[in-house]
Amino acid sequence: MKNKFDKSILSDMKNDIKNNVQEIKSGAIDVKKNVKSKTEELFDHTSSNFEQFKQFMFAPFLLTFVISIVIGYNFSDVIKSLTSFLANLIGYIWMWIFAFNGNHPTHTLESSFVSLLQNSLTLFFISYIVFYLIKTINKYLKKNREQQWGYDQAHEDAIKIQKLQEENIKLQKQLIEKLDGLNNKEL
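Just so it is clear, the model here is predicted, and its values are computed rather than measured. (Residues numbered from 1 in each chain as written. Predicted model: local features only at pLDDT ≥ 70, side-chain atom pairs only at ≥ 80, totals over all residues. Heavy atoms only, no water.)

### Observations regarding the overall build of the chain
This is how it is decided: Helix and strand labels come from DSSP, where a helix needs a run of H or I of at least four residues and a strand needs a run of E of at least two; each type is numbered from the N terminus. The rule is simple: take the accessible area with a 1.4 Å probe, protein chains only, and divide by the maximum for that residue type; under 20% is buried, over 50% is exposed, in between is partly exposed. Any two residues whose heavy atoms approach within 4.5 Å at even a single point are treated as in contact. Note on areas: these come from Shrake-Rupley sampling with a 1.4 Å probe, and a residue is covered only by the protein chains present in the view.
Along the chain, the regular secondary structure elements total 4 helices and 0 strands. Of the regular secondary structure in the chain, the N- to C-terminal order runs α-α-α-α. The burial tally for the chain puts 11% of its 187 residues in the buried class. Considering only intrachain contacts with a sequence separation of at least 6, the fraction spanning at least 24 residues in the chain is 66%. With the model as given, the accessible surface of the chain reaches about 16000 Å², and the carbon-plus-sulfur share is 65%.

### Brief notes about the UniProt feature "coiled-coil region" (unreviewed entry) in the chain
To keep things clear, this is the line we draw: UniProt positions are given in the numbering used here, feature names are shortened, and annotations may be inferred rather than shown by experiment.
Within this numbering scheme, the UniProt entry marks residues 154-181 as carrying the feature "coiled-coil region" (unreviewed entry). The straight-line gap between the two end C-alpha atoms of residues 154-181 is 40 Å; of that span, 100% is helix and 0% is strand.

### Details of the side chain of Asn119
Tracing the backbone through its elements, the reader meets Asn119 in helix α3 (residues 107-141). What makes Asn119 buried here is its relative accessible area of 19%. Among residues more than four places away in sequence, those in contact with Asn119 are Asp77, Val78 and Ser81.

### A few points about the UniProt feature "transmembrane region" (unreviewed entry) in the chain
Per the UniProt record, "transmembrane region" (unreviewed entry) is found at residues 56-75, 82-100 and 112-134. In this annotation, residues 112-134 is assigned 100% helix and 0% strand; the end-to-end C-alpha distance for the span is 33 Å.

### With respect to the packing of aromatic side chains
The condition is simple: Two rings from Phe, Tyr or Trp (for Trp, the six-membered ring) form a pair when their centres sit within 6.5 Å of each other. Planes less than 30 degrees apart are called stacked, planes more than 60 degrees apart edge-to-face, and all others tilted.
Enumeration over the complete set of coordinates arrives at 5 aromatic pairs. A centroid spacing of 5.4 Å and a plane angle of 55° characterise the contact between Phe85 and Phe113, whose relative ring orientation is tilted. Here Phe85 is found in helix α2 (residues 60-98), whereas its partner Phe113 is found in helix α3, with 28 residues between them in sequence. The class of Phe85 is buried, set by a relative accessible area of 17%. Exposure remark for Phe113: the relative accessible area of 41% places this residue in the partly exposed category. Centroid distance Phe131 to Tyr132: 4.9 Å. Interplanar angle 85°. Geometry classified as edge-to-face. Three or more aromatic residues joined by ring pairs make a cluster, and in this case those are Phe124, Phe125, Tyr128, Phe131 and Tyr132.

### Quick word on the environment of Leu116
Mapped onto the fold, Leu116 is located in helix α3. With relative accessibility at 13%, the residue Leu116 sits in the buried group. For the pair Leu116 and Ile79, spaced 37 residues apart in the sequence, the C-alpha separation amounts to 8.2 Å. Excluding its chain neighbours within four sequence positions, the residues that come into contact with Leu116 are Val78, Ser81, Leu82 and Phe85.

### With respect to a nonpolar patch on the surface
Which entries qualify depends on this criterion: Each patch is built from salt-bridge-free residues with over 30% relative accessible area, joining like charges within 9 Å and nonpolar side chains (Val, Leu, Ile, Met, Phe, Trp, Tyr) within 5 Å. A side-chain nitrogen of Lys or Arg and a carboxyl oxygen of Asp or Glu constitute a salt bridge if their distance falls within 4 Å.
On the surface, Phe113, Val114, Leu117, Leu121, Phe124, Phe125, Tyr128, Ile129, Phe131 and Tyr132 cluster together into a nonpolar patch covering about 1000 Å² of accessible area. Along the polypeptide, Tyr132 turns up in helix α3. The class of Tyr132 is partly exposed, set by a relative accessible area of 38%.

### Some details on the environment of Ser115
Here Ser115 lies in helix α3. Along the chain, Ser115 and Phe85 lie 30 residues apart, while their C-alpha atoms are 8.3 Å from each other.

### Topic: the confidence of the model for the chain
The predicted coordinates of low-pLDDT regions are not to be read in fine detail. Put simply, the test is: On a range of 0 to 100, pLDDT expresses the predictor's confidence in each residue.
When the pLDDT values of the chain are averaged, the result is 79; 83% of them are 70 or greater. In the model of the chain, helix α1 (residues 2-57) stands out as the element of lowest mean pLDDT, 74, in contrast to α3, which has the highest, 85.

In C-alpha cells:
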C-alpha cells in the first residue's frame with residue numbers, strides 16, 4: 001500500500017508541477033506581451049516626441065528667425081567695419097591733404113580694412129554654412145515638399161493656376177476654331 005500511496009502522491013505532484021509550469025508559461029507569455037506593448041508604446045512616444053522636436057527645430061518660421069538673427073548680427077558687424085574703414089579713410093585723406101609733414105600713419109586705416117575684410121568673410125562663410133545646412137535639412141529630414149524650408153504654397157498655387165489658365169486658353173481657341181468652321185459651312 002505504501003507503493004500505491006506514493007504513486008498517487010507522485011501523480012498528484014506531477015499534475016501540480018504540470019499545472020504550475022503551464023501557469024508560469026502563460027504568465028511569461030503575458031509578461032512578454034506586456035513588455036512588448038510597453039516597449040512599443042515607449043518607442044511610439046519617443047518617436048512622436050522626436051517628430052514634434054523636429055517640427056519645432058526645423059519649422060520654417062523658426063529657421064527664418066534664427067537665420068535672420070545670425071546673418072543680421074554678422075551683417076551689422078560688416079556695416080560697422082565698413083563705417084570704421086570709411087571714417088579712417090576720410091581721416092587719412094584729410095591728414096594727407098592738410099598735414100604737410102610727410103608722415104602719414106596708415107596703421108588705423110590698415111586695421112579697419114582688415115576688420116572689414118574679416119567681418120565680410122565671416123558673413124560669407126556663415127551664410128554659406130547656413131545655406132547648405134538648410135539644404136541638408138530639406139533633403140534628409142523633411143519628408144514632403146510642403147514641410148521644407150523655403151517652400152512657398154502661394155507660389156506653387158500661382159503656378160498651378162497659370163498652367164490651368166494656359167490650358168483654358170488653348171481649349172477656348174480650339175472651341176473658337178470649331179465654331180468658325182461650323183459658321184463657314186453654314187454660309
